[in-house]
Amino acid sequence: VADNVPPGLYEVRALARFGLSNPRVFQVDTLTEQVAVDTNSTPETAQEVPVNSVTSGLSRSQGFSYFKFNAKAGQRLGIEAFAKRLDSRMDAT
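Let me sum up the structure you'll find in this document. (Residues numbered from 1 in each chain as written. Predicted model: local features only at pLDDT ≥ 70, side-chain atom pairs only at ≥ 80, totals over all residues. Heavy atoms only, no water.)

A few words on the pattern of salt bridges. With the rule as written, the count across this model stands at one salt bridge. R85 is the salt-bridge partner of E80, the closest N and O atoms lying 2.3 Å from each other. Judged by its relative accessible area of 52%, E80 is exposed. What makes R85 partly exposed here is its relative accessible area of 40%. (Salt bridge = Lys/Arg side-chain N within 4 Å of Asp/Glu carboxyl O. Buried < 20%, exposed > 50% of the residue type's maximum accessible area, 1.4 Å probe, protein only.)

Let us now look at unusual backbone geometry. If you check the backbone angles, N52 has positive phi at about 60° while not being a glycine. Within the fold, N52 resides in the loop between β6 (47-48) and β7 (53-56). According to the relative accessible area criterion, N52 is exposed, its value standing at 63%. Even without being glycine, D87 reaches a positive phi, approximately 65°. Note on placement: D87 falls in the segment after β8 (67-68). (Helix = DSSP H or I, 4+ residues; strand = E, 2+ residues; numbered from the N terminus.)

As structure tokens, this is what we get:
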């Protein structure tokens, strides 16, 4: 994605031998992004996530992923899962 693409949700399709694919949604953001690791499947191995960042990854059926972050007492943080907006069936509770 080029640096001058504004943040937002975009659709992409692939053109291949058998025609055009269905659209898939992806997000462009200005926040720092990291990829979730496979080793964060227990509270003890939770992946550290910086505040004001985006974490991208995948989930396995019936699997769990754990994340941790540093916050100060009284600090308000918002945590948001974009799974449904990106056409995923994931339940991010």
